[in-house]
Amino acid sequence: MIKIPANIKYLTEREKFIEEFGKPFELPNGILNKEIPGCGATTVALTDEHKTIICSPRNELLKNKHEQYPDTLLVIGGVDTKEIEAYLQTAELPKILVSYDSVYKLIGCIKYKSDWRVVVDEFQCLLADSSFSLK
């Protein structure tokens, strides 16, 4: 468990994290249960030194992040594997923003999957958006 001190408002506050923990904040392997939206977790994933796939059910959120970070690849409806492969060949540090229903497009395009981090953003929406029926 990582407890963030009250004086740190955003996970991107590099100097405060270095002062407090001796290093910048890095996303954990596991679940980040952030109680406050807008704390910068997605931004950390977009600006760190790892090849990253960020999955979200919210296309508008993905589009917004893509506008903020134009070097990312936005994979939603209408994007095909040729575009993904072209991006992967030219991007120095690939960052892919993908909707849950388009993740399948990435599978055949990424050869060494262990080199990548996968961030499942807004995962709580999986339950909230699902409809369950009892029969």
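You'll find the structure just up there.
Residues numbered from 1 in each chain as written. Predicted model: local features only at pLDDT ≥ 70, side-chain atom pairs only at ≥ 80, totals over all residues. Heavy atoms only, no water.

Turning next to the overall build of the chain. The secondary structure content of the chain amounts to six helices and four strands. Partitioning the intrachain contacts of the chain with sequence separation of at least 6 by distance along the chain shows that 56% fall at a separation of at least 24. Of the roughly 9400 Å² that the chain leaves accessible, carbon and sulfur atoms contribute 53%. (Helix = DSSP H or I, 4+ residues; strand = E, 2+ residues; numbered from the N terminus. Contact = heavy atoms within 4.5 Å. Areas by Shrake-Rupley, 256 points an atom, 1.4 Å probe, with all protein chains shown as cover.)

A few words on the sheet that holds strand 1 (residues 51-56). Read across the open sheet, the four strands follow the order 2-3-1-4; overall the sheet is parallel. The open sheet has two free edges, formed respectively by strand 2 (73-75) and strand 4 (116-120), since each of these has just one partner strand. On average, each strand axis in the sheet is inclined to that of its neighbour by 20°, with strand direction left out of account. Across three bridges, strand 2 lies against strand 3 (residues 95-99) in parallel orientation. (Pairing = 2+ DSSP bridges. Axes fitted to C-alpha atoms, helices over the stretch in contact; angles between N-to-C directions.)

Per the stated rule, a full pass over the model turns up two salt bridges. The salt bridge involving Asp-48 is made with Lys-95; its shortest N-O contact spans 2.5 Å. Here Lys-95 lies in strand 3 and Asp-48 lies in the loop between helix 2 (41-47) and strand 1, a separation of 47 residues in the sequence. The partner of Glu-60 in a salt bridge is Lys-63, with the nearest N and O atoms 3.4 Å apart. Taken together, the residues Glu-60 and Lys-63, both in helix 3 (residues 59-68) and three residues apart, mark about one turn of the helix. Here Glu-60 falls in the exposed class, since its relative accessible area comes to 58%. The exposure class of Lys-63 is partly exposed, given its relative accessible area of 31%. (Salt bridge = Lys/Arg side-chain N within 4 Å of Asp/Glu carboxyl O. Buried < 20%, exposed > 50% of the residue type's maximum accessible area, 1.4 Å probe, protein only.)

Okay, the nonpolar core next. Soluble globular proteins: nonpolar side chains tend toward being buried together. Ile-53, Leu-73, Val-75, Ile-84, Ile-96, Val-98 and Leu-106 are the most contacted members of the largest nonpolar core, which has 13 residues in total. Within the residue set of this core, elements represented by two or more residues are strand 1, strand 2, helix 4 (81-90) and strand 3. With eight residues, the next largest nonpolar core counts Ile-54, Leu-62, Leu-97 and Val-119 among its residues. (Core = buried A, V, L, I, M, F, W, Y, C linked by side-chain atoms within 4.5 Å.)

Here we come to the environment of Ile-110. When you line up the elements, Ile-110 lands in the loop between helix 5 (104-107) and strand 4. In this structure the C-alpha to C-alpha distance between Ile-110 and Ile-84, which are 26 residues apart in sequence, comes to 9.1 Å. Those residues in contact with Ile-110, other than ones at most four positions away along the chain, are Ile-53, Leu-88 and Trp-116.

It is worth spelling out the environment of Leu-97 at this point. Residue placement: Leu-97 occurs in strand 3. Along the primary structure Leu-97 and Ile-54 are separated by 43 residues, whereas in three dimensions their C-alpha atoms are 4.9 Å apart. Among all residues touching Leu-97, those that are not within four sequence positions of it are Leu-46, Ile-54, Leu-62, Lys-65, His-66, Thr-72, Leu-73, Leu-74 and Val-75.

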